[in-house]
Amino acid sequence: MLDFIIKNGCVVNSDKSENVDIGVKDGKIAALGRAEQFAEAGQEIDAQGMFIVPGMIDSHAHIASTGAEFNSLDDYYSGTIAAAYGGTTAIVDFSFLQKGETPALAFDRKLKEAKNNCVIDYSFHPCINKAGEEDYGEIKEIIESGFPSVKIFTVYRDTLMLEKPGIYEILKIAAGKNAVSLVHAESAEMIEKNINTAILSGHTLPWDHAKARPPITELEAMYGVTSMVRETGAPVIFAHMTTGQAGKLLEKARKDLPIFAEVCPHYLTLTEEKYKGPDGCKFVCSPPLRSKEESCKLWSLVENGLVDIINSDHTDYSIEQKMAHADYFPGIPNGLPGIENRGMVLFSEGVMKNRITLNRFVDLTSTKTAKLMGLYPRKGLIKVGSDADITVIDPTCKYVYTAADHHMQTDYSPFEGLEIMGKVVHTIVRGNFVILNEKYTGSNFRGELMKRTAPVLK
């Protein structure tokens, strides 16, 4: 007997769409075809007129982040509920090092924070911020234990940044261990100079934050890392890419290098004009929002296949936290809330405006991420034998987005007032309804820690 059947919907994978029914048993997809040919089921869900897609995977989300002055607002319970409302069935977070921690200690701390608190499946990227044999050894052990991805920063000296010799060593380790590196690529030297100049001249408003980190600072770092990829052969994902000018680099490099690109919805839908408003501090993130022209170029890269994955880069602060240093951008906590919005903003702005196909949407939000994170084919597609991670979307639902309706802990949204077409009706994680008929079920179900395998690069 099947646990449940989803019938009458359109099942969309990255390679094809078909009108088939889905049978689920014991957390797995057990049957695809016509429901009348399936075994009996305990429950039937009618998805008439809806799209049934693989559960979305957000491999760039920051939950329960700590900082020198500000901590983000969500914990793993509230943050993953918000993610589920947005159709996300799995996240990969980061184990940033606190003062005095080694990579292993930071990783263990995050595992303990998340355990039994997530309502969707979860995993972590280990992080490293100093070059040393002990640190390298711990990264190797974490990779070997089932977490084959490493986060590297080329910026934020004395906190998150790994110096260039260390980046080179990590890429060599990643190449030898079949791991992928996620790189926050911005030029530390150029940005530090720009910030110091801005402070000395008294130009410290949110608009000056964007001016201190122009596209060239991102491109310079990307080219430097690309040269290391050419030398080591290590696969790299350029995180939260913001500039369409990177297209030339990607087009040339990807002819023979394992280089991938990630973009976030806020860079596709918002522009640097937000920094000129009285609440400009609410939009401070790094890299910053860019010009309308850059946003259009970025969309072209998405449409042309040069962008591989779209994640949220979620960090939720309150208006009060953002306003605490509203006129001094170096003190404004960086990051935007988006774990709940990522999928539907892309669906509405991309699919419903004919910029991308439904199949491309699935690839960007689930399938390619599953491959790069070493989760495929367990996750990232609807196929017999795969985890029953399923998101059901009603494409006819039209509404205006407002923070009053979201489930993240922050009291504002960067997408306030954006008209959205499409809404998540059901979110299912390994056969468990986390969101049913647009509401959190409140069940005792908890997600599991995902140990991963080597990335699938093609």
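These lines cover the structure that appears in this document, whether it is placed above or below. (Residues numbered from 1 in each chain as written. Predicted model: local features only at pLDDT ≥ 70, side-chain atom pairs only at ≥ 80, totals over all residues. Heavy atoms only, no water.)

Regarding the pattern of salt bridges
Thought 1: Under the criterion given, the structure shown has 31 salt bridges.
Thought 2: R430 serves as the salt-bridge partner of D121, at 2.8 Å between the closest nitrogen and oxygen. Linking D121 in strand β10 (residues 121-126) with R430 in the loop between β17 (419-429) and β18 (432-436), this pair joins segments that are 309 residues apart in sequence.
Thought 3: In this structure D121 comes out as buried when scored by relative accessible area, which is 0%. (Salt bridge = Lys/Arg side-chain N within 4 Å of Asp/Glu carboxyl O. Helix = DSSP H or I, 4+ residues; strand = E, 2+ residues; numbered from the N terminus. Buried < 20%, exposed > 50% of the residue type's maximum accessible area, 1.4 Å probe, protein only.)

Details of the sheet that holds strand β15 (residues 309-310)
Thought 1: Taken in spatial order, the five strands line up as β11-β12-β13-β14-β15 in an open sheet, and their pairing is parallel. Strands at the two margins of the open sheet, each flanked by one partner only, are β11 (149-153) and β15.
Thought 2: Across five bridges, β11 lies against strand β12 (residues 180-184) in parallel orientation. In the strand pairing of β12, I152 is matched with V183.
Thought 3: On the sheet, helix α4 (residues 164-177) packs against β11, β12 and β13 (236-238) and is oriented at approximately 165° with respect to β11.
Thought 4: Relative to β13, helix α7 (residues 215-232) is tilted by about 170°, and along the sheet it contacts β12, β13 and β14 (259-263). (Pairing = 2+ DSSP bridges. Contact = heavy atoms within 4.5 Å. Axes fitted to C-alpha atoms, helices over the stretch in contact; angles between N-to-C directions.)

A few points about the pairing of strand β16 (residues 390-400)
Thought 1: Inspection of the sheet shows strand β7 (residues 51-54) paired to β16 by four bridges, in the antiparallel sense. Bridging from a neighbouring strand, P54 pairs with I390 of β16.
Thought 2: In terms of strand pairing, β16 meets β17 through eight bridges, oriented antiparallel. Within β17, the residue paired with I390 across the bridge is I428.

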